[in-house]
Protein chains: 2
Amino acid sequence: MTTVEEPARSGGRLRDAARTRAEILDVATKEFARAGYAGARVDEIAARTRTTKRMIYYYFGGKEQLFTAVLERAYSVIRQAEQELDVEHLDPVAAIRRLAELTFDHHEEHPDFIRLVSIENIHEAEHIAASEELARIGSPALDVISRILESGRKSGLFTADVDAVDLHAMISSFCFFRVANRHTFGALFGRDLVAADQREHYRAMLGDMVIAYLTADRTAD
Amino acid sequence: MTTVEEPARSGGRLRDAARTRAEILDVATKEFARAGYAGARVDEIAARTRTTKRMIYYYFGGKEQLFTAVLERAYSVIRQAEQELDVEHLDPVAAIRRLAELTFDHHEEHPDFIRLVSIENIHEAEHIAASEELARIGSPALDVISRILESGRKSGLFTADVDAVDLHAMISSFCFFRVANRHTFGALFGRDLVAADQREHYRAMLGDMVIAYLTADRTAD
DNA sequence: CTACTAACTATCCAGTGGGTTAATTAGCCG
DNA sequence: CGGCTAATTAACCCACTGGATAGTTAGTAG
């Protein structure tokens, strides 16, 4: 996320389209994540920017397209992180655990992204569907998972019959729920799923779960 | 106005406070689940009801309290379902699998409830926190899980060191994600997590995952 | 039957919110 | 330096929205 925090136009040009655009996106990301799509206010986004509301319409066209642009940028960040995955030099068990941990870390570090995804699901992914950019790209992580799974299955370590997409769903669900539902879960069960001192506990739990699933002894069935 | 416009208020009296209240809650549940808290319109809720907008303020006080009432009723439904859990006559492994499957089924059958929970998390569970009713009650399922875990650990079948709350989180995360994130997941990865012909696949996957985690051979660590 | 109250209807209102019109200026190119 | 355009600003618009006011009627207790 290319955060713009220039101290009030000092140094740079007064009129910088790229900077203005980026600043609007930064503020809009926070505002949409905070209040939801309908709850976010274009006026409020403009007010927190060094520009005016008219600029939002000038650059993005409207609230809907602004939200789509926010989503596109948010997804591009995780796509990029996934492209830097480097776990294939490890043995399959260690590689999967490492991958799960990286997913875990990424979710923890980007709560705004998780909120945006929740919001987009409330709207039935209509903005993703309308975005060529988002509809096109898949997930680099899937290729990595595929290769690890294949190698693990070949060596006889992995017994589970899953494909990369399903395993990705399994890993994501745990990471996503922990961050996305921490408020209702905390309020109802009195346990903070993202408490700092429980971080390692849940990180290990995720890895244990995925490895146990993949390597379970299925001859006993 | 003698011309009858309505099918004359099914059955009962014309003025029925309980029926009117319930009808408002029904419609409000759908509307909030559909559009989010800020996106839902009090006018729209009223219009879909046989009563008027004024009645919403008469019975609930305002939009915020209406949403809280919607949440309270939604949670009371799952609380009730959990109270009917009857799995403790099974052996621990079968009991946990059955419990996971019931959770799986409940999530699938109540997509509106899942949406409301997502929405409430966007608002950081402020309505739950403000509701005595919701803050008070826990989850009957937790007691059931506790007892199964204890019996499974005593008999040496379960090796994992988890408590009921964490196991509940693990099971819920899979079930919740599958329903809540089906739109973005489907749009990005081209896989419908709630496709009817994949239902048994994911149901089994959940059970396998939880059992594998609980019974994994931990001597090899 | 009467009177009283809970249940209900009709209508209005002030603030808000997404979007727009039109005028202004910085920066660059020749 | 003059002129052109992208970037920017200020002010306005009006449909909508949560909420409020005030008046009306069904049901019932006595």
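Remember, predicted model here, so these are calculated numbers, not experimental data.

Q: In this structure, what is going on with the pattern of salt bridges? I would like to understand it.
A: Side-chain pairs of opposite charge can arise where the charged atoms are in close proximity. The tally for this structure, following the rule as stated, stands at 38 salt bridges over all chains. A salt bridge links B:Asp208 to B:Arg97; the nearest nitrogen and oxygen atoms lie 2.9 Å apart. Within this pair, whereas B:Asp208 is found in helix α12 (residues 199-215), its partner B:Arg97 is found in helix α5 (residues 92-109), the two being separated by 111 residues in sequence. We classify B:Asp208 as partly exposed; its relative accessible area is 24%. For B:Arg97, a relative accessible area of 26% puts it in the partly exposed group. One network of salt bridges, with partners in common, ties together A:Arg98, A:Glu101, A:Asp105, A:Glu108, A:Arg178, A:Arg199, A:Glu200 and A:Arg203.

Q: In this structure, what is going on with the interface of chain B and chain A? I would like to understand it.
A: How big an interface is tends to be expressed through the accessible area that disappears when the partners come together. At the interface, 56 residues of chain B touch 54 residues of chain A. Taken together, the two surfaces of chain B and chain A that pack against each other cover about 4400 Å², and 68% of this comes from carbon and sulfur. Looking only at chain B, the three residues that lose the most surface to chain A are B:Asn121, B:Ile122 and B:Leu188, adding up to 14% of its buried area. We note a salt bridge from A:Arg191 to B:Asp166, for which the minimum N-O separation is 3.1 Å. Counting across the chain B and chain A interface gives 16 residue pairs in polar contact (both at pLDDT 80 or more). Of all the elements, helix α10 (residues 164-180) of chain B adds the most residues to the side of chain B that touches chain A, at 11 residues.

Q: What should I look at first to understand the UniProt feature "domain: HTH tetR-type" (unreviewed entry) in chain A in this one?
A: Feature annotation in UniProt places "domain: HTH tetR-type" (unreviewed entry) on residues 18-78 of chain A, given in this structure's numbering. Secondary structure across residues 18-78 of chain A divides into 85% helix and 0% strand, with the first and last C-alpha atoms of the span separated by 21 Å.

Q: Is there a simple way to think about helix α12 (residues 199-215) of chain A in this case?
A: Structural remark: α-helix, 3.6 residues per turn; residues separated by three or four positions point the same way. With 17 residues, α12(A) should cover 24 Å at 1.5 Å per step; its first-to-last C-alpha distance of 24 Å lies within 8% of that length. The complete set of buried residues in α12(A) reads A:Tyr202, A:Arg203, A:Met205, A:Leu206, A:Gly207, A:Met209, A:Val210, A:Ile211, A:Ala212, A:Tyr213 and A:Leu214. Packing partners of the buried residues in α12(A) comprise α5 (92-109), α9 (140-154) and α10 (164-180) of chain A together with α10 and α12 of chain B.

Q: Got a minute to help me understand the packing of aromatic side chains in this structure?
A: Note on aromatic pairs: each is described by the distance of the centres and the angle between the planes. Evaluation of the coordinates by the stated rule reveals 16 aromatic pairs over all chains. With a centroid separation of 5.0 Å and an interplanar angle of 75°, the aromatic rings of B:Tyr58 and B:Tyr59 are classed as edge-to-face. Among the aromatic residues, ring-to-ring pairing joins A:Phe176, B:Phe177, B:Phe185 and B:Phe189 into one connected group. A:Lys63 extends its terminal NZ or CZ atom over the ring of A:Tyr37, reaching a point 4.7 Å from the ring centre.

Cut-offs used in this document
- Residues numbered from 1 in each chain as written.
- Chains lettered and ligands numbered in written order.
- Predicted model: local features only at pLDDT ≥ 70, side-chain atom pairs only at ≥ 80, totals over all residues.
- Heavy atoms only, no water.
- Salt bridge = Lys/Arg side-chain N within 4 Å of Asp/Glu carboxyl O.
- Helix = DSSP H or I, 4+ residues; strand = E, 2+ residues; numbered from the N terminus.
- Buried < 20%, exposed > 50% of the residue type's maximum accessible area, 1.4 Å probe, protein only.
- Contact = heavy atoms within 4.5 Å.
- Buried area = accessible area lost by both parts, 1.4 Å probe.
- Polar contact = N/O pair within 3.5 Å; in protein donor to acceptor, adjacent residues only side chain to side chain.
- UniProt positions renumbered as here; feature names shortened; annotations may be inferred.
- Expected span 1.5 Å × (residues − 1).
- Phe/Tyr/Trp six-rings, centres within 6.5 Å; stacked < 30°, edge-to-face > 60°.
- Lys NZ or Arg CZ within 6 Å of the ring centre and 35° of its normal.

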